[in-house]
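Architecture and fold: a report
Here's the letter readout for the chains.
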Amino acid sequence: MAEQVAQDARRAFETAQLLTSDQRIEALSALRAALASARDEILAANARDMQTANDGVAAGKLSGSLVKRLNLRSSPTKFDEVLQGISDVASLPDPLGKVTYATKMDEDLELYRISCPIGVLLVIFEARPEVMINIAALAIKSGNAAILKGGKESLETQECLTRIMSDALAKTALPRNFIQTVSTREDIAALLHQDKYIDLVMPRGSNSLVKYIQQESRMAVMGHADGLCSIYLDQSAQLAKAIKVVIDAKISYPAACNAVETLLVHKSLLDTLWPEVAKALLASNIELRLAPECRAALHALPQSNLILQATPEDFDTEFLELKLAVRSVESTQEAIKHINEHSSHHTDAIITESEQDARLFCRGVDSAGVFVNASTRFADGFRYGFGTEVGVSTGKTHARGPVGLDGLIIYKYQIKGEGQTGYATLDYGVGEGLKPYLHTPLSQHRPY
């Protein structure tokens, strides 16, 4: 079965290469219309998944953070925002066919580098059913066929969405199999070996999931295993900014991969700014796991069961809930060193009034996102203006950070020869009777 799914995806991808941008936009419009019409059906399926998941939490088999990710009603506007994401993607400029390099090799011999789709994507995610819609929209816009696998917790929602999306695509120029889903771990285990047909695997989910995919896949993997983000309060940090940014980065969505998990405090702030920040964190019901010096600095605060002694493991932990590990550092350089050693290279931020320290932090921290006086929660494809995202990459491949359309695009080289006799490499070089390459930039682009 897995090989057939992969073959169907490859054929669908190859067919779609001959479609126009307008045809892909029409497919996105059809997809949005179908999902909007089936809103009640989709939400009913999601409610059944939520009931099963809540039973799992009560039995101690599932985490509360996973259930939060599953809910398509987590806010009154969530479903509408998902639909708007499709329209936002549709309105983005066509990423295909862009010339990113053009040179004249000889008279009437031109070389172009042109953007094109990667091919067939295998995207594996946990719990969040709206991810199916996000990825489908990005795949259609970018011309990439996709095979999707959601978590078993969202099985009913996934089955409902699969049927609706397939029926919608069948009425467009895109092949029905352009977006496919699979449902079992056995499917994934087999698909990870289909490197003849699948070009890229993109896992989003737990550390164990991503590590498994990275170890088992025969094709390239793009993703992140953790979202261990840090914020550093520099010695010049202002109290109001520090509280606003850190609180948002922790409480706006604790289960997100871009939520802050570690707070670094400059040593000079331990008896001044830090106690006030701690008060705000405790008032927001955030459990503080504190290094000894940070805990000692709070001696004037009332005792609280939210104040605990930090362990070394806390600074390597993605809590995904209202918990925060805190320690002090003596300099920006030490903060950078801690982050590069302990973070997951997702997103890290500094709160500072010093341009020099901001510059040092931004250059020194080796993460996909490095922010100044801004919450780590801004690390998101929608907030970046990508329409939506297929995931977040902390690797060093062609895409890093939130992966939107640009991250789903690669390129091909095209040589265009328009002379009368054709072109051969033996005609070029250094020596008698040989011609040099011109290698002059082309002001006008005329690729096929």
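Everything quoted here is computed from the prediction, not taken from an experiment.

Let us now look at the pairing of strand β1 (residues 99-106). The pairing of β1 with strand β2 (residues 109-117) spans six bridges and is antiparallel. From the neighbouring strand, Val99 faces β2, where its bridge partner is Ile114. Count of turn residues in the β1/β2 antiparallel hairpin: two residues, of which Asp108 carries a positive phi of about 65°. Judged from the two bridges that link them, β1 and strand β18 (residues 440-441) form a sheet pairing that is antiparallel. When the sheet's bridge partners are listed, Thr103 is paired in β18 with Pro441.

So, about the sheet that holds strand β7 (residues 220-221). With respect to topology, five strands assemble into an open sheet ordered β5-β4-β3-β6-β7, the strand pairing being parallel. Every other strand in the sheet has two partners, leaving β5 (179-182) and β7 as the edge strands with one partner each. As paired elements, strand β3 (residues 120-125) and strand β4 (residues 145-149) share five bridges and run parallel to each other. Opposite Val120, over in β4, you have Ala145 as the bridge partner. Docked against the sheet, helix α1 (residues 2-16) engages β3, β4 and β5, running at close to 150° with respect to β4. Sitting on the sheet, helix α6 (residues 130-142) touches β3, β4, β5 and β6 (200-204), and the angle it makes with β3 is about 165°.

In this model, Asp108 sits at a positive phi of 65°, which is unusual for a non-glycine residue. At Leu320, a position not held by glycine, the phi torsion is positive, near 60°. Inspection of the secondary structure assignment puts Leu320 in the loop between β11 (307-309) and β12 (323-329).

For any two helices packed against each other, one specifies the crossing angle of their axes together with the interaxial distance. Interhelical geometry of helix α10 (residues 239-251) versus helix α11 (residues 273-283) gives an angle of 35° and a closest axis separation of 10 Å. Note on packing geometry: the crossing formed by α10 with α11 is right-handed. Judged by residue contacts, Leu239, Ala242, Ile243, Val246 and Ile247 of α10 engage Leu273, Glu276, Val277, Ala280 and Leu281 from α11. For the contact of α10 with α11, the residue count by class is nine nonpolar, no polar and one charged.

We now examine helix α13 (residues 332-342). At 3.6 residues per turn, the α-helix brings residues three or four places apart onto the same side. For α13, every residue scored as buried is listed here: Thr332, Ala335, Ile336, His338 and Ile339. Buried residues in α13, looked at end-on, bunch into an arc of 165°, giving them a common side. Contacts from the buried residues of α13 go to β8 (229-233), β9 (260-266), β12, β13 (347-351) and α14 (355-364).

In this section: the side chain of Asn144. Mapped onto the secondary structure, Asn144 falls in the loop between α6 and β4. Within polar-contact distance, the side chain of Asn144 engages the backbone nitrogen of Gly119 at 2.7 Å. Contact partners of Asn144, with chain neighbours within four places excluded, come to Phe13, Pro117, Ile118, Gly119, Leu121, Ala139, Phe178 and Leu408.

You can see Leu269 is positioned in the loop between β9 and α11. Residue Leu269 is classed as buried on the basis of its relative accessible area, which comes to 6%. C-alpha of Leu269 to C-alpha of Leu35: the two residues are 234 residues apart in sequence and 52 Å apart in space.

On to the UniProt feature "domain: Aldehyde dehydrogenase" (unreviewed entry) in the chain. The sites that carry the UniProt feature "domain: Aldehyde dehydrogenase" (unreviewed entry) are, in the present numbering, residues 3-286. End C-alpha atoms of residues 3-286 are separated by 48 Å, and the span's content is 50% helix alongside 18% strand.

Attention shifts here to the pattern of salt bridges. Counted according to the given criterion, the structure contains 27 salt bridges. We note a salt bridge from Arg10 to Asp199, for which the minimum N-O separation is 2.5 Å. With Arg10 in helix α1 and Asp199 in the loop between α8 (185-191) and β6, this residue pair connects regions lying 189 residues apart in the sequence. As a salt-bridge pair, Arg327 and Glu334 come within 2.8 Å of each other at their nearest N and O atoms. Arg327 gets classed as partly exposed once you look at its relative accessible area, which sits at 21%. One salt-bridge network, held together by shared partners, links Glu110, Lys416, Glu418 and Arg446.

Taken as a whole, the chain is organised into domain 1 (1-222 + 401-407) and domain 2 (230-387). Computed over C-alpha atoms only, the centres of domain 1 and domain 2 are separated by 33 Å. On the domain 2 side, the residues contacting the 11 residues of domain 1 number 13 residues. Across the domain 1/domain 2 interface, buried area totals approximately 870 Å², and carbon plus sulfur atoms make up 62% of it. Three residues stand out in domain 1 for area buried against domain 2, namely Ser65, Arg69 and Pro402, and they jointly supply 49% of the buried area on that side. Run the count over domain 1 and domain 2 and you get one residue pair in polar contact (both at pLDDT 80 or more). Among the elements of the structure, α4 (64-70), α5 (78-91) and β16 (401-403) are those that each provide at least two residues to the side of domain 1 that touches domain 2. Here the side of domain 1 that touches domain 2 is built from residues that sort into four nonpolar, four polar and three charged.

How each quantity is defined
- Residues numbered from 1 in each chain as written.
- Predicted model: local features only at pLDDT ≥ 70, side-chain atom pairs only at ≥ 80, totals over all residues.
- Heavy atoms only, no water.
- Pairing = 2+ DSSP bridges.
- Helix = DSSP H or I, 4+ residues; strand = E, 2+ residues; numbered from the N terminus.
- Contact = heavy atoms within 4.5 Å.
- Axes fitted to C-alpha atoms, helices over the stretch in contact; angles between N-to-C directions.
- Left-handed = near helix turned anticlockwise from the far one by under 90°.
- Nonpolar A, V, L, I, M, F, W, Y, C, P; charged D, E, K, R; others polar.
- Buried < 20%, exposed > 50% of the residue type's maximum accessible area, 1.4 Å probe, protein only.
- Arc of directions from axis to C-beta.
- Polar contact = N/O pair within 3.5 Å; in protein donor to acceptor, adjacent residues only side chain to side chain.
- UniProt positions renumbered as here; feature names shortened; annotations may be inferred.
- Salt bridge = Lys/Arg side-chain N within 4 Å of Asp/Glu carboxyl O.
- Domains from an automatic or database assignment.
- Buried area = accessible area lost by both parts, 1.4 Å probe.

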